[in-house]
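Architecture at a glance
Here's the letter readout for the chains.
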Amino acid sequence: MKKKTLSLFVICMLALTGCGANPGGGTRDTTAVTGEAVSASAVATPVETKAPAGGLGKLIGTPDPDRYVHGEDGYYNLDEEGTPVHLRAQRGGTCWLYAAAVAMETGYERATGKEVELDPYSLLDKIYGDNKKEGFFIEANPVEVGGTAPFVYMTLSNGFDQYVLDQAIEVDDIKIDTIKEGIKKYGALYIGIPDTDPLKKGVYHGYTTTNWPTAKVKDYDHSIAIIGWDDHFPKDYYREPATRDGAWITANSGSNSDYYYVSYDTKPEYTWDTPAFMSMTDVYSAVATYDYGVDKKFLKTGKETVTANVFHQAGTLAAVGTYSAAKDQDVTIEIYDAELKKVRYTQKAHLDGRGYHTVALDTPLKVEDYAIAIHYTKKGAPIEGKGWKHDDIMLRVSSKKGESFIRVGEKWLDLHEKSTLKRIGRKDKTNNCCIKGLYKAE
């Protein structure tokens, strides 16, 4: 299932992936495809296992003496570098959830050293479930509808099970070196690839591969997680030969292979979805929040835009979450009393990357009735915006008086009031500011 293109900050241009189903479901063998070390530039004569109707099929026969075996040079795989990668087969159009799960799992594992395995269908229920008043809702089978990376961040940053999504960094610079650096720093990269043409896929010497350099945006209907790379993977191991050696090593829930090798020739810059590095944490016990979406148009009142949310939730405030529309920006976080008159705490922070960020407070605060204000220095302040409906999916959001404010001059104005919208030149309803308070686990 393919629809229009989407970015986190162009949410009105909704894109869903309802990628190819694997009706059998289940869990794949996680044994890595390795072998006796040989020269990194070793090249073998390609032997393809043609894909039968309805699937790629499997390589059958005796061990292949001509099979390419990677060396150490130009090779990296999270699963072989101490970061376990859980390879699983999807049901229905749930590739986006499996890719997100791998991204969050590896992000968590790299940050904590602890292995974790998420249930993609638990995430699906959290994102599309009916047991909430605001957020994403559907009028169809949730397994078949599909979804996108922003649906994941916007929902799971509000907490799920004992975890909270604490970071979702969008990748604007889709270049080989940028992706490599990000994987080593953050973990697996959630990304979309073209997957509509089965004739672009093949199995060579046991490696499941794909190369589609001429794919159009409409062909990018499948989500995977890039977990590594092999700069010397043979260019002739594809049905459509590549112009150069090298491939991304990916976790692909739509395939029954160990890994899925995507040629460097396949252009990731044409991805339909939002490529992102995501991570989660278990150090917070609760999240104070009003927002369940991010509007494409941020609020901007000048060189600096200051917004605030007033919360009434007791506990130890340990971190603040928000979105940035800029690739890098400096912000100032202030904790006020609930009347937005007295500043109790101030901390400066740098948001490195476009997307969702969590800033840990240097000194956690005991709070009950209080406000979090943020000074944004680039591209304005994030707000929910209006709800919307697209085919079988909708976003429901709302706001109340006394929840979200914007500072104009020396005055705090309530964003729920029509007079405020008129004052700041905003025609559409803003609903709430995208500012969250994260509480320390006691």
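Everything discussed here concerns the structure shown above.
Residues numbered from 1 in each chain as written. Predicted model: local features only at pLDDT ≥ 70, side-chain atom pairs only at ≥ 80, totals over all residues. Heavy atoms only, no water.

Here helix 2 (residues 120–128) crosses helix 4 (residues 149–156) at 75°, and the two axes come no closer than 10 Å. By the criterion of interaxial angle, the relationship of helix 2 to helix 4 is roughly perpendicular. Contacts between helix 2 and helix 4 involve L123, K126, I127 and Y128 from the first element and F151, V152, T155 and L156 from the second. A breakdown of the residues in the contact of helix 2 with helix 4 according to their chemical character gives six nonpolar, one polar and one charged. (Axes fitted to C-alpha atoms, helices over the stretch in contact; angles between N-to-C directions. Helix = DSSP H or I, 4+ residues; strand = E, 2+ residues; numbered from the N terminus. Parallel < 35°, antiparallel > 145°, perpendicular 65-115°, else oblique. Contact = heavy atoms within 4.5 Å. Nonpolar A, V, L, I, M, F, W, Y, C, P; charged D, E, K, R; others polar.)

Compared with an ideal rise of 1.5 Å per residue, which puts 18 residues at 26 Å, helix 1 (residues 95–112) spans 26 Å between its outermost C-alpha atoms and is within 8% of the ideal. Most of helix 1 is tucked away, with 15 of its 18 residues classed as buried. Phi for G113, located one or two positions after helix 1, is positive at around 80°. (Expected span 1.5 Å × (residues − 1). Buried < 20%, exposed > 50% of the residue type's maximum accessible area, 1.4 Å probe, protein only.)

One finds W96, M104, I127, Y128, V152, L165 and M278 to be the most contacted residues of the largest nonpolar core, which totals 50 residues. It is helix 1 that contributes the most residues to this core, nine residues altogether. Among the nonpolar cores identified, the runner-up in size contains 37 residues, and Y75, L78, L189 and I227 belong to it. (Core = buried A, V, L, I, M, F, W, Y, C linked by side-chain atoms within 4.5 Å.)

Taken as a whole and assessed by the stated rule, the structure comprises 25 aromatic pairs. Ring centres of F136 and W388 lie 6.1 Å apart, and the angle between their planes is 55°; on these two criteria the pair is classed as tilted. Taken together, the positions of F136 in strand 3 (residues 135–138) and W388 in strand 17 (residues 388–390) put the pair 252 residues apart, joining distant regions of the chain. Overall, the relative accessible area of 0% leaves F136 in the buried class. Given a relative accessible area of 17%, W388 falls into the buried group. Taken together, a centroid distance of 5.1 Å and an interplanar angle of 85° make the contact between Y207 and Y261 edge-to-face. One end of the pair, Y207, is in strand 7 (residues 207–210); the other, Y261, is in strand 10 (residues 260–263), and 54 residues separate them in sequence. Here Y207 falls in the buried class, since its relative accessible area comes to 4%. Note on Y261: relative accessible area 2%, which makes it buried. Following the ring pairs from residue to residue traces out a cluster consisting of Y68, Y204, Y207, F233, Y237, Y238 and Y261. One Lys or Arg, R91, reaches over the ring of Y121 and ends 4.3 Å from the middle of that ring. Lying over the aromatic face of F137, R396 brings its terminal NZ or CZ to 4.1 Å of the ring centre. (Phe/Tyr/Trp six-rings, centres within 6.5 Å; stacked < 30°, edge-to-face > 60°. Lys NZ or Arg CZ within 6 Å of the ring centre and 35° of its normal.)

Take the side chain of Q347 next. Structurally, Q347 can be placed in strand 15 (residues 343–352). Assessed through its relative accessible area of 7%, Q347 is described here as buried. A distance of 2.4 Å separates the side chain of Q347 from the side chain of Y345, its partner in a polar contact. In this structure, Q347 is in contact with V331, T332, I333, V359, A360, L361 and D362, ignoring residues within four places of it in sequence. (Polar contact = N/O pair within 3.5 Å; in protein donor to acceptor, adjacent residues only side chain to side chain.)

Counting through the fold element by element, N77 comes out in strand 2 (residues 75–77). With a relative accessible area of 0%, N77 lands in the buried category. A distance of 2.8 Å separates a polar atom in the side chain of N77 from the backbone nitrogen of D79. Sequence-distant contacts of N77, defined by excluding residues within four places in its chain, comprise I227, G228, I249 and Y259.

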